[in-house]
Amino acid sequence: MSGYRAGAGGIIKIAEIKDLRLKIKELFKKTINNEKVERVLVEEAIEYEKEYYLSFSYSTETRGLVLTFGKGGSRVGSHFDEAAKNIDVYPIDILEGFNGENVPDELKEIAIKLWEVFTKYDCELAEINPLVVDKQGKVWALDAKVILDDDADFRRDVKFPQRNLFGRPPTKREIEARKIDEGDHRGTTGSVYWDLPGDIAVIAAGGGGSIVNMDALLAYGGKPANYTEHSGNPPREKLKKLTKIVLSKPGLKGCWFVGGTANFTDIYETLMGFVDGLREIKPKYPIVIRRGGPRDKEAFEMLKEVAKKESFDFHIYGRETPMTSTAKIMKELAYGNTDN
Amino acid sequence: MAILITDKTKVLIQGITGKEGSKATLQMKNYGTKVLAGVTPGKGGQEVHGVPVYNAIAEALENHPGINTSFVAVPNFAAYGAIEEAIKNKIPLINILTEHIPIQDTAKAIAMARSTVILNPKGEGSPTNVGISNPSASLRAGKLRDSSLIAQNDRVRIVGPSSIGIISPGIGKVGSIGGDDPRGVYSKGSVGVISKSGGMASEISWILTKNGLGQSTVIGIGGGILVGSGFADLMEDFEKDPQTKALVLFGEIGGTYEEEAADFIKSGKFTKKVVAFISGLFAETLPQGTKLGHAGAIIYGEKGSYKSKIKSLEEAGVIIAKTPDEIPDLLKVI
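Residues numbered from 1 in each chain as written. Chains lettered and ligands numbered in written order. Predicted model: local features only at pLDDT ≥ 70, side-chain atom pairs only at ≥ 80, totals over all residues.

## Observations regarding the overall build of chain A
Heads up, the condition is: Secondary structure elements follow DSSP: runs of H or I of four or more residues count as helices, runs of E of two or more count as strands, with numbering from the N terminus. Put simply, a residue is buried when 20 or more other C-beta atoms lie within 10 Å of its own C-beta and exposed when 12 or fewer do; between those, it is partly exposed, and each C-beta is set from the backbone. Note on contacts: each residue gets a C-beta atom placed from the backbone, and two residues are in contact if those atoms are within 7 Å.
Helix and strand counts for chain A come out as eight helices and 14 strands. Considering only C-alpha atoms, chain A reaches an extent of 80 × 50 × 40 Å along its principal axes. Looking at chain A as a whole, 40% of its 340 residues are labelled buried. Within chain A, contacts between residues separated by at least 24 positions form 69% of all contacts whose residues are at least 6 apart in sequence.

What follows is the structure, encoded as structure tokens:
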């Protein structure tokens, strides 16, 4: 959910209850910081004396846990906002725990409670903003936000729905792709899949190399239809499923299967899975393949055979061809050679 | 001489009877690495590729006191227990392959490793260790245990989690790096490589090898938010290593490890040539907070952005490669 909502007109104060319906209707028509309004929280307006920001999160600078606290509130965008004034970051010794250090007495109780939520539910961030104190000295959390650590799903008894990151619910393909890895820990395939507005289907390899290649595709003017990656030597079936999901998108102009020189992912197996998927979809558009690693020579022999038999428009490149240069080849094949 | 993995490296495999552990064991032995023992609770007495298996690290150490490196290849839910056991047994170098370890567990492991003093080869802690040799010792609540008082080489070091491994070509390797046969991709030479990505460690080493540039040591530090060893931590070792003449960094948006490397160079602590390749412009086109394969490649606000990393590295005199294939030429030009 977007921060900076107050500034973008996402927080409205009404004087009388009769205005509520109209104001809510107006909110639902709005897009706040590129996110469509789907839900509205109605709460009592609190008159307060003091306003604070309070959060727990992890910091790469201290390589550990930090408390972020100070005077602020809605003017502070989020913990990660460097411009935030009067906000300090305090390292916490995770082996010792947090006992209310560095916050005023009146806020210790709530800070410790937030800490308990943060650790118990394996959060990456637990934030109360604004945290206010009224005239009677009562403490109110007017808004709050948590980011959960997905890697701790296995020990969290409460299951939460997927977050809507793109300001929209997850697409059918996103949901289907994420199912591929469920209950099968052999490699990672489709756990990360995002639909994008372009027309070049992408099946990329490696958590690092995939981003390098996406950078290159964008730089050459290619428009990706999706982002997805696979890594850790996934089996053939997983690649077949992923290929079918990626290529189910209408209006594609090309498909790019790209990766670096793998350490241990079996290139023959993963490309066989890709071919299994292609055989069902039977695409006519150009398919650019660049890959290296264990059994790559065998894989390329197989691809040449398949291309002949099934008349796929394959353009095959091995480790001798710079990985990112195939982004340009893909773009030119998909859109025509517009540069010349 | 290389760093971290030398001819003195003697390895313990945690999770040796698992698929990844057993596979890496064979690969490491085939590459000439000394693998002395393995641990899987409840499976003591077995052998995996000729390596004896024990129930606990203490037992393995009794029989093989020379062990100085542990490779962790256990499932994510068991990782914290395994790492804690290695730290308590003061194994100087712990390389973690395991992916998807909860960040809370990684944070605990890093805190514990940083405050755990190992004995130097003379059998004594260094003088700076006095008074903080107890792993649980810490300064008063609200402050970090002052691990900065302990020299890096005197405390337990973690490389990873989600690390592809460490290879010193021609000498040995720990982890899955290079797969079954690293020889085609990795070659011995004078360029150090530190990479947030395992695949890019391989791709960059291949590009170097293809252009006649061998490597001293190649390290996959992992792409998570918290890592045991960042760029700067390892640059300290590369600076001292006479075999290493230049360094290649593969970084990504998110976090502050690249900025830390830039500060390390600016402070005069690293004097060798550095070429860096930073990726992630694509990720910056997505909504903030979008999760990609590397948990660390995530942006909130301006912090950890592509621009911030390139700016600080350039200010430190680091040469930025626009594509991985430019790296060899940039290393050659002085």
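After that view, the rundown keeps rolling.
## Some words on the domain arrangement of chain B
Residue and element names in this part refer to chain B. As a reminder of what qualifies: Source of the domain bounds: an automatic or database domain assignment.
Here chain B is described as being made up of domain 1 (10–158) and domain 2 (185–332). Each side of the interface is counted separately: domain 1 has eight residues, and domain 2 has seven residues. Elements with a contribution of two residues or more to the side of domain 1 that touches domain 2: helix H4 (103–114) and strand E7 (157–159).

## Some remarks on the domain arrangement of chain A
On domain assignment, one finds that chain A holds domain 1 (1–45), domain 2 (46–155) and domain 3 (172–335). Placing the centre of domain 2 of chain A and that of domain 3 of chain A at their C-alpha centroids yields a distance of 42 Å.

## Focus on helix H4 (residues 209–219) of chain A
Residue and element names in this part refer to chain A. For H4, the tally of buried residues reaches nine of eleven residues, placing the bulk of the element in the interior. Taken together, the buried positions of H4 are occupied by Gly-209, Ser-210, Ile-211, Val-212, Asn-213, Met-214, Asp-215, Ala-216 and Leu-217. Once H4 finishes, Gly-221 follows within two positions and takes phi at roughly 90°, a positive value.

## Quick notes on the interface of chain A and chain B
Each partner contributes residues to the interface: chain A has 56 residues there, and chain B has 61 residues. Broken down by secondary-structure element, the contributors of at least two residues to the side of chain A that touches chain B are strand E4 (64–71), strand E5 (87–92), H4, strand E11 (226–231) and strand E12 (254–261) of chain A. Here the side of chain A that touches chain B gets seven residues from one element, more than from any other, and that element is H4(A).

## A few points about the pairing of strand E9 (residues 172–175) of chain B
Residues and elements named next belong to chain B. For clarity, the threshold we go by: One bridge is not enough; two strands pair if DSSP finds at least two bridges between them.
Note that strand E8 (residues 165–168) and E9 share four bridges and pair antiparallel. Bridge pairing links Ile-166 to Val-174 in E9. What sits between the antiparallel neighbours E8 and E9 is a turn of three residues, in which Gly-170 has the positive phi angle 85°.

## Things to note about the confidence of the model for chain A
Counted only if it meets this: Values of pLDDT, ranging from 0 to 100, describe the predictor's confidence in every residue of the model.
Here chain A shows a mean pLDDT of 90. Residues at 70 or above account for 93%. For the stretch residues 78–83 of chain A, pLDDT sits under 50, and the model shows 16 contacts to residues farther than four places along the chain or on other chains.

## Digging into unusual backbone geometry
A cis amide bond, omega 5°, links A:Asn129 with the succeeding residue A:Pro130. Structurally, A:Pro130 can be placed in strand E6 (residues 123–133). In this structure, the amide linkage connecting B:Gly160 to the following residue, B:Pro161, adopts the cis form with an omega of 5°. With respect to the helices and strands, B:Pro161 occurs in the loop between E7 and E8. The residue A:Arg63 is not glycine, and still its phi comes out positive at about 60°. Turning to its location among the elements, A:Arg63 is positioned in the loop between strand E3 (50–59) and E4.

## Topic: the pairing of strand E10 (residues 200–205) of chain A
Residue and element names in this part refer to chain A. For clarity, the cut-off: Orient the strands so they point away from the viewer; a crossover is then right-handed if the path from the first strand over the helix to the second runs clockwise.
E10 sits mainly inside the fold: six of its six residues count as buried. Where E10 and E11 come together, two bridges link them in parallel fashion. Within the sheet, the bridge partner assigned to Ala-205 lies in E11 and is His-230. After leaving E10, the chain enters H4 and then returns to the sheet as E11, a path that is right-handed.

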